[in-house]
Amino acid sequence: MKYSSEVEHMCPLAKGAYHGPAPIPEEGKWVQAKEISDISGFTHGIGWCAPQQGACKLSLNVKNGIIEEALVETIGCSGMTHSAAMASEILVGKTILEALNTDLVCDAINTAMRELFLQIVYGRTQTAFSEDGLQIGAGLEDLGKGLRSQVGTTYATKVKGPRYLELAEGYITACAVDENDTIIGYKFVHLGKMMDMIKNGVDANEALQKASGQYGRVDDAVRLIDPRKE
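Conventions adopted
- Residues numbered from 1 in each chain as written.
- Predicted model: local features only at pLDDT ≥ 70, side-chain atom pairs only at ≥ 80, totals over all residues.
- Heavy atoms only, no water.
- Buried < 20%, exposed > 50% of the residue type's maximum accessible area, 1.4 Å probe, protein only.
- Helix = DSSP H or I, 4+ residues; strand = E, 2+ residues; numbered from the N terminus.
- Pairing = 2+ DSSP bridges.
- Core = buried A, V, L, I, M, F, W, Y, C linked by side-chain atoms within 4.5 Å.
- Contact = heavy atoms within 4.5 Å.
- Lys, Arg positive; Asp, Glu negative; His and termini not counted.
- Salt bridge = Lys/Arg side-chain N within 4 Å of Asp/Glu carboxyl O.
- Polar contact = N/O pair within 3.5 Å; in protein donor to acceptor, adjacent residues only side chain to side chain.
- Expected span 1.5 Å × (residues − 1).

1. Focus on the pairing of strand E8 (residues 170-177)
So, step 1. For E8, the tally of buried residues reaches six of eight residues, placing the bulk of the element in the interior.
So, step 2. In terms of strand pairing, strand E7 (residues 161-167) meets E8 through two bridges, oriented antiparallel. Among the inter-strand pairings, Glu-166 is bridged to a residue of E8, identified as Tyr-171.
So, step 3. Where E7 folds back onto E8 in an antiparallel hairpin, the turn is made up of two residues.
So, step 4. Taken together, the six bridges between E8 and strand E9 (residues 183-189) define a ladder with antiparallel strand orientation. Within E9, the residue paired with Ala-174 across the bridge is Lys-187.
So, step 5. What sits between the antiparallel neighbours E8 and E9 is a turn of five residues, in which Asp-181 has the positive phi angle 60 degrees.

In structure tokens:
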């Protein structure tokens, strides 16, 4: 280590009281984090690419500084979807510092990792005050039955109005409209549940029927429209 001549000619003075790092909440404990291994927590974050064409939701479960579980959800960009698959393999087993400095292929995922890092190291995780945090596998609970992301997709034009394509309940098969052509409900199919039934040997048409449902005043509708064709 090199010192400037000004520092070399200074007389040494003793340092006063030691001021350690402020404790942060981690899984129900107050921790003075000094090493990466001092960090634990489960949290989520959102990232976006430079042109803001796509976004990534990243969920990490960190134990003793190591990423033990990762859930990567993306939207808006076909290239990013492929990157997400690679990121899920890349992230687990790394320390959060390694992950922060790893090229995760996609800007949106890199940005999400940055946002999560800030939450984690400043004690702002979802499990900050939860004793022992969440078990490995908790990330799957975010997906619910059928293990599909919660997605909402709607589209509209000024001249033709709105179209519901996919909402939290599932893939929209029909929009219900009243006499004023206002949407008053919709029919949907939960694709995750439907695919699980088909894999278990249920006939596809029967599975479609069992996984279907409706929301709103569908029974009062004047007509139903297919949002992808009409």
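Here the narrative resumes, following the displayed structure.
2. Overview of the nonpolar core
So, step 1. One finds Cys-56, Leu-58, Leu-60, Leu-91 and Ile-109 to be the most contacted residues of the largest nonpolar core, which totals 24 residues.
So, step 2. When contributions to this core are tallied by element, the ones reaching two or more residues are strand E4 (55-63), strand E5 (66-75), helix H2 (78-91), helix H3 (96-100) and helix H4 (107-121).
So, step 3. A per-element tally of this core places H4 first, with seven residues.
So, step 4. Apart from residues no more than four positions distant in its own chain, Leu-60 is found in contact with Gly-41, Phe-42, Thr-43, Ile-67, Glu-69, Ala-70, Leu-91, Met-113 and Leu-116.
So, step 5. Grouped together as the second largest cluster of nonpolar side chains are six residues, Ile-172, Tyr-186, Phe-188 and Ile-225 included.

3. Let's talk about the side chain of Arg-163
So, step 1. The residue Arg-163 is located in strand E7 in this model.
So, step 2. Within the buried core, Arg-163 has no salt-bridge partner, and the shortest N-O distance to an opposite charge, that of Glu-230, equals 7.7 Å.
So, step 3. Side-chain polar atoms of Arg-163 contact the backbone oxygen of Lys-160, separated by 3.0 Å.
So, step 4. From its side chain, Arg-163 meets the backbone oxygen of Glu-230 in a polar contact 2.9 Å long.
So, step 5. For Arg-163, the contacting residues outside a window of four places in its chain are Thr-154, Tyr-155, Ile-225, Pro-227 and Glu-230.

4. Some thoughts on H2
So, step 1. Its 14 residues place the ends of H2 20 Å apart at the C-alpha level, agreeing with the 20 Å of an ideal helix rising 1.5 Å per residue.
So, step 2. Every buried residue belonging to H2 is among Met-80, Ser-83, Ala-84, Ala-87 and Leu-91, and all of these are buried.
So, step 3. Where the residues of H2 are buried, they touch E4, E5, H3 and H4.
So, step 4. Following H2 by one or two positions, Gly-93 adopts a phi angle in the positive range, close to 90 degrees.

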